[in-house]
Amino acid sequence: MTHSAVDVIAAKRDGHRLSDAQIDWVVAAYTRGDVADEQMSALAMAILLNGMDDAETARWTLAMIESGERLALPDVGRPLVDKHSTGGVGDKLTLPLAPLVAACGAAVPQLSGRGLGHTGGTLDKLEAIPGWRAELSTEEIAAQLAEVGAVVCATTPALAPADRRLYALRDVTGTVPSIPLIASSIMSKKIAEGTDGLVLDVKVGSGAFMRTREAAQELARRMVAIGAAEGLPTRALLTDMSVPLGRAVGNALEVAEAVEVLRGGGPPDVVELTLALAHAMLGLAGIDPEADVDPAEVLASGRAFEVWERMIAAQGGDPGAPLPTAAHVETVDAPASGVLTRLDALAVGTAAWRLGAGRARKEHPVQAAAGVRLLAGIGDEVRAGEPLLELHTDTPDAVPGARAALDDGLAIGDEPAERGPLLLDEVRA
Ligand code: URA
């Protein structure tokens, strides 16, 4: 049967389901260049407005996987398990988590992207380490998985190329916030990567893609359903992103905090979520985190830190080298005495982004040393004139914009306050 882009667009515009054949055709034809960007934009908008059901979304995901190659990883002698976060402010969890899970006996093949907007990308953070290299060949990935047990590197161009084109198009056509398109975009890359199990950290709150718990639950349910349809065991944790994670936001600042966690210290919220995700990942890998190995003990013992050093060195990085520091650091001081009652993730993320930690367009560079260091957390007593947070940047002209972003993001009150729970929900197949 022959298809036309206009018929596929019209079907979705009029609220119909797309058939498997229509989905396979339109994704493949778009990848070949036979469906034009303006046609795919119209289809993405029709999908955003009229949705796709679970079966359509699973087929769309499969078509995006089939647009490229699956990473052919040989048996590395351990179960492969990965984690994906939908992105948040101060979310450096991959950095301690990948070596921790490897130190507990699984192997973590994490193919990642760079950050866009106010949430940072894992590769941007690791690139703050002198010498560290993101681009690896399939052979290098396989060798590192076998020898070290953990790889965090750039996704290869051959994995889900349809998604790469479509995501860039969605970015400029107002069609990113479609749950079926987000779910299929994330899952196509993870399934093509060839992991045996996947834990999703679906962030909820002002600093996340998903602002409400309902939307996050729906995204999590969709991704877990795609995993089930494609034979990839998948679990999702819903975690709070209304407040930044930890005390550091920005690339080198976050690496330093991750190292603190790997040395057995670090902020309690980062440690708590790292351990929760490690438990979920080990469970999927068939390693019992109660009976076989205790991730908390592995973290405290320094064994995860040893894997971190090897993981960084294997990719050319010097784990002992000093991290870059910003040319300009200034503080934001408490305007009154009292209790810090509000520390909004989006405000802090936007401030860090404006200071140079993030990019507005994917071709923009980031500053390794830029970001925000929080000196107080929700519920802490603060005194008028004392520093609440530090702004780090190489471009001091960016400071007024960062201060403006924080205007409504901080509040000081008289009543006691405490941060809400980090772990909000869990979705399993
Ligand atoms: N991250 C992705 O990889 N894809 C999306 O569509 C949204 C976030």
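Residues numbered from 1 in each chain as written. Predicted model: local features only at pLDDT ≥ 70, side-chain atom pairs only at ≥ 80, totals over all residues. Heavy atoms only, no water.

**Overview of unusual backbone geometry**
Note the following rule: By the criteria applied, helices consist of DSSP H or I runs no shorter than four residues and strands consist of E runs no shorter than two, each listed in order from the N terminus. Throughout this description, buried means an accessible area under 20% of the type-specific maximum (1.4 Å probe, protein chains only), exposed means over 50%, and partly exposed covers the range between.
Positive phi, close to 45 degrees, is recorded for Ala160, a residue that is not glycine. With respect to the helices and strands, the residue Ala160 is situated in the loop between strand 3 (150–154) and helix 8 (161–171). We classify Ala160 as buried; its relative accessible area is 1%.

**Some thoughts on a negative patch on the surface**
To keep it simple, the criterion reads: The patch calculation keeps residues exceeding 30% relative accessible area without a salt bridge and links them within 9 Å when they carry like charges or within 5 Å when they are nonpolar (Val, Leu, Ile, Met, Phe, Trp, Tyr). Using a 1.4 Å probe, the Shrake-Rupley method yields the accessible areas, and only the shown protein chains count as cover for residues. Criterion for a salt bridge: a side-chain nitrogen of Lys or Arg within 4 Å of a carboxyl oxygen of Asp or Glu. Charge counting treats Lys and Arg as positive and Asp and Glu as negative, with His and both chain ends excluded. Just so you know, the charge point we use is NZ for Lys, CZ for Arg, CG for Asp and CD for Glu.
On the surface, Asp288, Glu290, Asp292 and Asp294 cluster together into a patch of negative charge. Considering the arrangement of structural elements, one finds Asp292 in the loop between helix 12 (268–284) and helix 13 (295–301).

**Notes on the UniProt feature "domain: Pyrimidine nucleoside phosphorylase C-terminal" (unreviewed entry) in the protein chain**
So the rule is basically this: UniProt positions are given in the numbering used here, feature names are shortened, and annotations may be inferred rather than shown by experiment.
Mapped onto the present numbering, the UniProt feature "domain: Pyrimidine nucleoside phosphorylase C-terminal" (unreviewed entry) falls at residues 339–413. This span, residues 339–413, is 28% helix and 29% strand, and a straight line between its end C-alpha atoms measures 5 Å.

**Focus: helix 12**
Stated formally: One fewer than the residue count of a helix, multiplied by 1.5 Å, yields its expected span.
The end-to-end C-alpha distance of helix 12, which contains 17 residues, comes to 25 Å, matching closely the 24 Å that a straight helix rising 1.5 Å per residue would cover. Among the 17 residues of helix 12, 12 are classified as buried, and the element is accordingly described as predominantly covered. The complete set of buried residues in helix 12 reads Asp269, Val270, Val271, Leu273, Thr274, Leu275, Ala276, Leu277, Ala278, Ala280, Met281 and Leu282. Directly beyond the C-terminal end of helix 12, a positive phi value near 80 degrees is found at Gly286.

**With respect to the side chain of Glu56**
We count it as follows: Contacts were defined at the residue level, with two residues in contact if any of their heavy atoms lie within 4.5 Å.
Locating Glu56 in the fold gives a position in helix 4 (residues 54–66). Non-local contacts of Glu56, meaning those with residues more than four positions away in its chain, are made with Lys12, His16, Arg17, Leu18, Ile23 and Gly51.

**Some details on the sheet that holds strand 4 (residues 197–204)**
Quick note on the threshold: When DSSP locates at least two bridges between a pair of strands, those strands are taken to pair. Whenever a helix is involved, its axis is fitted only over the stretch in contact; in every case the axis is a line through C-alpha atoms, and angles between N-to-C directions fall within 0 to 180 degrees.
Here we have 4 strands laid out as an open sheet, ordered 1-4-5-13, and mixed in their pairing. Looking at strand neighbours, the two that pair on one side only are strand 1 (81–85) and strand 13 (423–428), the edges of this open sheet. The average angle at which neighbouring strand axes cross in this sheet is 20 degrees, direction not considered. Of the strand pairs in this sheet, strand 4 and strand 5 (residues 234–240) are connected by 7 bridges, and their pairing is parallel. Looking across to strand 5, one finds that Leu200 is bridged to Ala236.

**Description of the nonpolar core**
Stated formally: Buried Ala, Val, Leu, Ile, Met, Phe, Trp, Tyr and Cys residues form a nonpolar core when they are joined through side-chain atoms within 4.5 Å. A domain assignment, automatic or from a database, supplies the domain bounds used here.
Core analysis: the largest hydrophobic core is formed by 79 residues, its most contacted members being Val101, Trp308, Leu343, Val372, Leu389 and Leu391. Broken down by element, this core gets its largest block of residues, 10 residues, from helix 12. When we break this core down by domain, the ones giving at least three residues each are domain 2 (82–159 + 166–321) and domain 3 (328–413). Counting 37 residues, the second largest nonpolar core, distinct from the first, contains Leu71, Leu145, Ile179 and Ile186.

**Focus on the packing of aromatic side chains**
Selection criterion: Any two rings among Phe, Tyr and Trp, with Trp reduced to its six-membered ring, count as a pair given centres within 6.5 Å; such a pair is stacked if its planes are under 30 degrees apart, edge-to-face if over 60, and tilted if neither. Each ring is checked for a lysine NZ or an arginine CZ that lies within 6 Å of its centre and within 35 degrees of its normal; such an atom marks a charge sitting over the ring.
Scanning the entire structure with this criterion turns up 0 aromatic pairs. The ring of Tyr30 has Arg165 sitting right over it, with the charged end atom 4.1 Å from the ring centre.

**Examining the pattern of salt bridges**
Throughout the structure, instances matching the rule amount to 29 salt bridges. Across the salt bridge formed by Lys12 and Glu56, the nearest N and O atoms sit 3.0 Å from each other. Linking Lys12 in helix 1 (residues 5–13) with Glu56 in helix 4, this pair joins segments that are 44 residues apart in sequence. For Lys12, a relative accessible area of 2% corresponds to the buried category. Take Glu56: its relative accessible area is 2%, and that puts it in the buried class. The shortest N-O distance in the salt bridge between Asp37 and Arg165 comes to 3.1 Å. Residue Asp37 is found in helix 3 (residues 37–50), and its partner Arg165 is found in helix 8; the two are separated by 128 residues along the sequence. Its relative accessible area of 35% is what places Asp37 among the partly exposed residues.

**Observations concerning the site of the ligand**
Worth spelling out the cut-off: One heavy atom suffices: a residue is near a molecule or strand as soon as one of its heavy atoms comes within 4 Å of it. The term polar contact refers here to a pair of N or O atoms within 3.5 Å; inside protein, the definition further demands a hydrogen-donor-capable atom paired with an acceptor-capable atom, and it admits residues adjacent in sequence only when both atoms are side-chain atoms. Polar here means any residue other than Ala, Val, Leu, Ile, Met, Phe, Trp, Tyr, Cys and Pro, which are nonpolar, and Asp, Glu, Lys and Arg, which are charged; Gly is therefore polar.
Near the ligand you find Tyr167, Arg170, Ile182, Ser185, Ile186, Lys189 and Phe209, and these make up its full shell. Between the ligand and Lys189 there is a distance of 2.5 Å, counted from an oxygen atom to a side-chain nitrogen or oxygen. For the shell around the ligand, the secondary structure elements donating two or more residues are helix 8 and helix 9 (179–193). Here the shell around the ligand takes 4 residues from helix 9, the largest share from any one element. Taken together, the residues that form the shell around the ligand break down as 4 nonpolar, 1 polar and 2 charged.

**Some words on the domain arrangement of the protein chain**
Put simply, the rule reads: Throughout, the accessible surface (probe 1.4 Å) given up by two parts as they are put together, summed over both, is called the buried area.
Segmentation of the protein chain into domains returns domain 1 (5–51), domain 2 (82–159 + 166–321) and domain 3 (328–413). Taking only C-alpha atoms into account, the centre of domain 1 sits 31 Å from that of domain 2. Between domain 1 and domain 2 the total buried area reaches about 740 Å² when both faces are included, carbon and sulfur atoms providing 81% of it. Across the domain 1-domain 2 interface, the total number found is 0 residue pairs in polar contact (both at pLDDT 80 or more). Sort the elements by how many residues they give to the side of domain 1 that touches domain 2 and helix 3 lands first, with 7 residues.

**Topic: the sheet that holds strand 11 (residues 387–393)**
Read across the sheet, 4 strands follow the order 6-9-11-7 without closing on themselves; strand pairing throughout is antiparallel. Both edges of this open sheet fall to strand 6 (248–249) and strand 7 (328–333), since each of them pairs with a single strand only. In terms of strand pairing, strand 9 (residues 371–374) meets strand 11 through 4 bridges, oriented antiparallel. Considered in strand 11, the bridge of Leu374 is made with Leu389. Where helix 15 (residues 345–357) meets the sheet, its contacts fall on strand 6, strand 9 and strand 11, and the angle it forms with strand 9 comes to roughly 135 degrees.

**Looking at empty space enclosed by the protein**
Test applied: Cavity means a closed set of points on a 1 Å grid over the protein atoms alone, one where a 1.4 Å probe fits but cannot get out, pocket means an open set with protein on both sides within 12 Å along at least 5 of 7 lines, and lining means a residue has an atom within 4 Å of a point. Grid points are joined across faces, edges and corners, and a volume is the space filled by probe spheres set on the points.
Following the criterion strictly, the structure yields 1 cavity of 30 Å³ or more and no others. Here the largest cavity is characterised by a volume of approximately 90 Å³. Along its surface, the largest cavity is lined by 17 residues, and His118, Thr119, Gly120, Val249 and Ala357 are the ones closest to its centre. Elements supplying a minimum of two residues to the lining of the largest cavity: helix 11 (251–262) and helix 15. At 4 residues, helix 15 tops the list of elements feeding residues into the lining of the largest cavity.

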